[in-house]
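So the chains spell out like this:
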Amino acid sequence: HQGTLDMSFFRLVPNLTIMAPKNFKELEKMLEFAIDSNKPVVIRYPRGGEDEYKMEKQEKLNWGKAEILKEGKDVTIIAIGKTVARAMKVAEKIEKEQKGISVEVINTRFLKPIDKETIKHSIAKTKNIITMEDGTIMNGLATAVQEIIQEENLQVVKIKYYAYPDQYIEHGSVEELEEIYGVDEETIVRNFRKECKKATV
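Residues numbered from 1 in each chain as written. Predicted model: local features only at pLDDT ≥ 70, side-chain atom pairs only at ≥ 80, totals over all residues. Heavy atoms only, no water.

Asker: What exactly am I supposed to notice about the overall build of the protein chain here?
Answerer: Looking only at helices and strands, one finds seven helices and eight strands in the protein chain. The C-alpha radius of gyration computed for the protein chain amounts to 16 Å, which stays within 12% of the reference 17 Å derived for 201 residues, consistent with globular compactness. Residues classed as buried in the protein chain amount to 50% of the 201 residues present. A sequence separation of at least 24 residues applies to 77% of the contacts in the protein chain between residues at least 6 apart. Put simply, the protein chain shows about 10600 Å² of open surface, and 53% of that area lies on carbon and sulfur atoms. When the 32 positive and 34 negative side-chain charges of the protein chain are each reduced to one mean point, those points stand 4 Å apart. (Helix = DSSP H or I, 4+ residues; strand = E, 2+ residues; numbered from the N terminus. Rg over C-alpha atoms; globule rule 2.2 N^0.38 Å. Buried < 20%, exposed > 50% of the residue type's maximum accessible area, 1.4 Å probe, protein only. Contact = heavy atoms within 4.5 Å. Areas by Shrake-Rupley, 256 points an atom, 1.4 Å probe, with all protein chains shown as cover. Lys, Arg positive; Asp, Glu negative; His and termini not counted. Charge placed at Lys NZ, Arg CZ, Asp CG, Glu CD.)

In structure tokens form, the structure reads like this:
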């Protein structure tokens, strides 16, 4: 009923394309893409409206291709759908607080097929990964990234997944639920801050 399971169970269906837009403009592109693709397509859009964070970059939508919204060398944030705007805000806060750290942000666009090459290249470069999604931790973006790491035998220093737990989610506003389950912007930044302090001790 909260819509946190949809991408995970659809990911099990063979030959199905699964997309989630970062904003309304990308939703328009995905609708056009779905109509023209002549393939079975799921477009997942979240409860609520568009995030106030404006992303001007709008790369052409190519099947199974992610979009690098921001390049960095120290940390990779891999996000999908509504969480992409949050990923950009988290990246900006991290870079402002932690001088010298640069954060790469990837908008996967597609959960299936996922852009293995773009993600693999970024992980190999930064070796520090954060994934962000507004669905369940089971069989979603976090699982897809884990599969890439294992298949490609990538050496990852640190990895942190932000998603809803494997349970039914209670009722509440989006903001309340994000805070309760620790997937909100402030929690993510706070946790990163703690990890940075541990590394310097």
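That was the structure; now back to the text.
Asker: Can you walk me through the packing of helix H4 (residues 116-126) against helix H5 (residues 141-151) in this structure?
Answerer: The relative placement of two packed helices comes down to the angle between their axes together with the axis-to-axis distance. The interhelical angle for the contact between H4 and H5, taken along N-to-C directions, is 70°, at an axis separation of 10 Å. One element, H4, and the other, H5, form an angle in the roughly perpendicular class. Here Lys 116, Ile 119, Lys 120 and Ile 123 of H4 come into contact with H5, specifically with Val 145, Ile 148, Ile 149 and Glu 151. Of the residues in the contact of H4 with H5, the class split is five nonpolar, no polar and three charged. (Axes fitted to C-alpha atoms, helices over the stretch in contact; angles between N-to-C directions. Parallel < 35°, antiparallel > 145°, perpendicular 65-115°, else oblique. Nonpolar A, V, L, I, M, F, W, Y, C, P; charged D, E, K, R; others polar.)

Asker: Hey, could you run me through the packing of aromatic side chains in this one?
Answerer: Enumeration over the complete set of coordinates arrives at three aromatic pairs. Ring centres of Phe 9 and Phe 10 lie 4.9 Å apart, and the angle between their planes is 50°; this geometry places the pair in the tilted category. The interplanar angle of 70° and the centroid separation of 5.6 Å between the aromatic rings of Tyr 164 and Tyr 181 together place this pair among those described as edge-to-face. Linking Tyr 164 in strand E8 (residues 158-164) with Tyr 181 in the loop between helix H6 (174-180) and helix H7 (185-200), this pair joins segments that are 17 residues apart in sequence. Overall, the relative accessible area of 7% leaves Tyr 164 in the buried class. Sitting over the ring of Tyr 162, Lys 160 keeps its end group 5.6 Å from the ring centre. (Phe/Tyr/Trp six-rings, centres within 6.5 Å; stacked < 30°, edge-to-face > 60°. Lys NZ or Arg CZ within 6 Å of the ring centre and 35° of its normal.)

Asker: Please explain a nonpolar patch on the surface as it appears in this structure.
Answerer: A surface patch of nonpolar side chains, about 500 Å² in accessible area, is lined by Leu 5, Phe 9, Leu 12 and Tyr 168. As for its position among the elements, Tyr 168 is in the loop between E8 and H6. Residue Tyr 168 is classed as exposed on the basis of its relative accessible area, which comes to 71%. (Patch = residues over 30% accessible without salt bridge, like charges linked within 9 Å, V, L, I, M, F, W, Y side chains within 5 Å. Salt bridge = Lys/Arg side-chain N within 4 Å of Asp/Glu carboxyl O.)

Asker: Just checking my understanding: could you explain the nonpolar core for this structure?
Answerer: Generally speaking, nonpolar side chains in soluble globular proteins are found buried as a group. The biggest cluster of nonpolar side chains holds 27 residues, and the ones touching the most others in it are Met 55, Ile 77, Val 103, Ile 130 and Met 132. Every element with two or more residues in this core is listed here: strand E4 (75-79), helix H3 (83-97), strand E5 (103-107), strand E7 (128-136), E8 and H7. Sequence-distant contacts of Ile 130, that is, excluding residues within four places in its chain, are made with Val 75, Thr 76, Ile 77, Ile 78, Lys 160, Tyr 162 and Phe 192. Counting 18 residues, the second-largest nonpolar core is a separate cluster that includes Ile 114, Ile 123, Val 145 and Ile 148. (Core = buried A, V, L, I, M, F, W, Y, C linked by side-chain atoms within 4.5 Å.)

Asker: Sorry if this is basic, but what is going on with the sheet that holds strand E2 (residues 41-43) here?
Answerer: In a beta sheet, neighbouring strands pair by backbone hydrogen bonds and run either parallel or antiparallel. Read from one edge of the open sheet, three strands run E2-E1-E6, paired in mixed fashion. The open sheet has two edge strands, E2 and strand E6 (110-112), and neither has a second partner. Each neighbouring strand pair of the sheet contributes to a mean axis angle of 20°, computed without reference to strand direction. Sheet topology places strand E1 (residues 17-19) next to E2; three bridges connect them, and they run parallel. Across the sheet, the residue bridging to Met 19 is Ile 43, located in E2. Against the sheet, helix H2 (residues 24-37) contacts E1, E2 and E6, and its axis sits at roughly 170° relative to E2. (Pairing = 2+ DSSP bridges.)

Asker: Where do I start with H3 in this structure?
Answerer: Note on helix geometry: an α-helix contains 3.6 residues per turn, so any two residues three or four positions apart are oriented the same way. Between the first and last C-alpha of H3 there are 21 Å, a value that for 15 residues agrees with the 21 Å anticipated at 1.5 Å per step. Looking at H3, one finds that the buried residues are Thr 83, Val 84, Ala 85, Arg 86, Ala 87, Met 88, Lys 89, Val 90, Ala 91 and Ile 94. (Expected span 1.5 Å × (residues − 1).)

Asker: It is not clear to me how the sheet that holds E5 should be interpreted in this structure. Could you clarify?
Answerer: Ordered in space as E3-E5-E4-E7-E8, the five strands form an open sheet in which the pairing is mixed. This sheet does not close on itself; its edge strands, each paired only once, are strand E3 (67-70) and E8. Going from strand to strand, the sheet's axes swing by 20° on average, the running direction of each strand aside. Relative to the sheet, H4 contacts E3, E4, E5 and E7, its axis offset from that of E4 by approximately 150°. Contacts from H5 reach E4, E7 and E8 within the one sheet, and its direction differs from that of E7 by about 145°.

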